[in-house]
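Structure at a glance
As a plain string of letters, each chain reads:
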Amino acid sequence: MTPTWDDGLLVLLLVVTALLVLTVGYLLTRGAGLGRRLTNDADRARFDTLHLTALAAPSLRQGLSAAGARPAARHLRQLLGTPALALVSTTELLAWEGADDGGSHAAHAVAHAERAVRESRTRVLGATEVACDRPGCVLRGAVVAVVGVEDRLLGALVAYSPARPTAQLVRATEEVARWVASQVELAELDAQRSRTAEAELRALRAQISPHFVYNCLAAIAVFVRTDPDRARELLLDFADFTRYAFRREAQFTTLADELRNVERYLVLEQARFGDRLAVDLTVAQEVLGVTLPFLSVQPLVENAVRHGLESGRGSVRVVVTAEDDGDGALISVDDDGAGADPETVLAAVEGRGSADSIGLGNVDLRLRQVFGDSAGLVVDTAPGAGTRVSFRVPKFAVGVRPG
């Protein structure tokens, strides 16, 4: 599959963010001296710039809100080296950091930001617009730079100075405002991806076949008459399977929990099909703790069982394997059914096929959204040759934790 538009935008935003950070570092190191001293000062300033942006970024990834702005403002003020700094939305002061302790200047910051947003441009303010009557106040100028995402103006970054702002401070403030905007846009993309993943998961749950539920209950009903103890065990397995499949707590789970649910599913199917369904599970202990999207393996196993038994051969063997693969886990589901035309399977994975392939496109999309294109499904099949569906996920990924 080709990368989605969101993936391309995310990469572009990350590149732009890196360029903005380097630009701010350059602006803050101009005039640092010559020769060997220039190299030392410049290197130190660049390190400080990267360090401060790294500290501010997590808070801003919550969006342009008071909760995110307050902790970020301190680092942004240090980054610009100004006596005071404000982050303002279009209607209210989100955070104030530095001199004046949020007094009269903070009260006027919203009006300054509102005008900059209304005019959609950076405003440079002198002493007549900024100065106050408070004895000892050092604030005599300010730069008001608009923070915007696409065509939406969300607020402004106001950097105060002890004199009329220099051209260097104006440029640095504008670059920092652009960097803030890029972090806010990344936060919006994160939220959008989260909503998309939740919608995909709901769609996958909806695909759990009503026929499967009905047939499971019918098989259990048969055992109630012939083998009550087994019927009780199957009923507990069915309850645990449905409880897991429809849980709402989190998007991620461990491979151990996912495979435990696969085992429940296969026990229920074997109760229905008896000797027609043979199962092998081979799992390396080292990968049981790997975290992956919820319901990543079970739909692949269900697909193998369903198409294997519908192939007309009368029986099918399904092999589920989870291997230790260095810094990742390689997970595969094989069946010795009739196989399929590769183009038909590719269409199903890309979401262009019929609904006959249970959740292949859904699982593939969620894996790529979380881990990137390299984690997408790989399908090896041909008519009469069975089918192998596999994917590889990292053992550790930032922000990916089981619920």
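None of these values were measured; they are calculated from a predicted model.

This brings us to the pattern of salt bridges. Should the charged atoms of two oppositely charged side chains come close, the side chains can pair. Under the counting rule described, the total for this entry stands at 17 salt bridges. Residue Glu119 is joined to Arg115 by a salt bridge in which the shortest nitrogen-to-oxygen separation is 2.8 Å. Here Arg115 and Glu119 lie together in helix H4 (residues 104-119), a separation of 4 residues that amounts to about one turn. What makes Glu119 partly exposed here is its relative accessible area of 31%. In this structure, Arg123 engages Glu129 in a salt bridge whose closest nitrogen and oxygen atoms are separated by 3.2 Å. A relative accessible area of 7% places Arg123 in the buried class. A residue is classified by how much of its surface remains accessible, and Glu129, at 35% relative accessible area, is partly exposed. Taken together, the shared-partner salt bridges in this structure form one network comprising Arg115, Glu119, Arg121, Arg123 and Glu129.

The interhelical angle for the contact between helix H9 (residues 255-273) and helix H10 (residues 298-309), taken along N-to-C directions, is 20°, at an axis separation of 9 Å. As summarised for this structure, H9 and H10 are arranged roughly parallel, according to the angle between their axes. Between H9 and H10 lies a crossing of right-handed hand. Residue-level contacts link Glu258, Asn261, Val262, Tyr265, Leu266, Glu269 and Phe273 of H9 to Gln298, Val301, Glu302, Val305 and Leu309 of H10.

Of the residues in the protein chain, 79% reach a pLDDT of 70 or more, and the chain-wide mean stands at 80. Under a pLDDT of 50 for its full length, residues 1-16 has, in the predicted model, 21 contacts with residues more than four places off or in other chains. A low-confidence stretch, residues 31-38 stays under pLDDT 50, and its non-local contacts, those more than four residues away or across chains, total 4 contacts.

The geometry of helix H8 (residues 228-245) relative to H9 is characterised by a closest axis approach of 9 Å and an angle of 135° between their N-to-C directions. Viewed along their axes, H8 and H9 adopt a mutual orientation that is oblique. Note on packing geometry: the crossing formed by H8 with H9 is left-handed. Here Arg230, Leu234, Asp237, Phe238, Asp240, Phe241 and Tyr244 of H8 lie close against H9, whose contacting residues are Asp257, Glu258, Asn261, Arg264, Tyr265, Val267, Leu268 and Ala271. Classifying every residue of the contact of H8 with H9 gives 8 nonpolar, 1 polar and 6 charged.

Let us now look at the sheet that holds strand E11 (residues 378-381). Reading across the sheet, the 5 strands line up as E7-E9-E10-E12-E11 and stay open at both edges, with mixed pairing between neighbours. Lying at the two open borders of the sheet, with one neighbouring strand each, are strand E7 (277-283) and E11. Pairs of neighbouring strands in the sheet enclose a mean axial angle of 10°, with direction left out of account. Pairing between strand E10 (residues 328-335) and strand E12 (residues 387-394): 8 bridges, direction antiparallel.

This brings us to unusual backbone geometry. For Ser120, which is not a glycine, the phi torsion comes out positive at approximately 55°. Its place among the elements puts Ser120 in the loop between H4 and strand E3 (123-125). Of note, the phi angle at Leu295 is positive, near 55°, even though the residue is not glycine. Structurally, the position occupied by Leu295 is in the loop between strand E8 (291-293) and H10.

So, how was this worked out
Residues numbered from 1 in each chain as written. Predicted model: local features only at pLDDT ≥ 70, side-chain atom pairs only at ≥ 80, totals over all residues. Heavy atoms only, no water. Salt bridge = Lys/Arg side-chain N within 4 Å of Asp/Glu carboxyl O. Helix = DSSP H or I, 4+ residues; strand = E, 2+ residues; numbered from the N terminus. Buried < 20%, exposed > 50% of the residue type's maximum accessible area, 1.4 Å probe, protein only. Axes fitted to C-alpha atoms, helices over the stretch in contact; angles between N-to-C directions. Parallel < 35°, antiparallel > 145°, perpendicular 65-115°, else oblique. Left-handed = near helix turned anticlockwise from the far one by under 90°. Contact = heavy atoms within 4.5 Å. pLDDT = per-residue confidence, 0-100. Nonpolar A, V, L, I, M, F, W, Y, C, P; charged D, E, K, R; others polar. Pairing = 2+ DSSP bridges.

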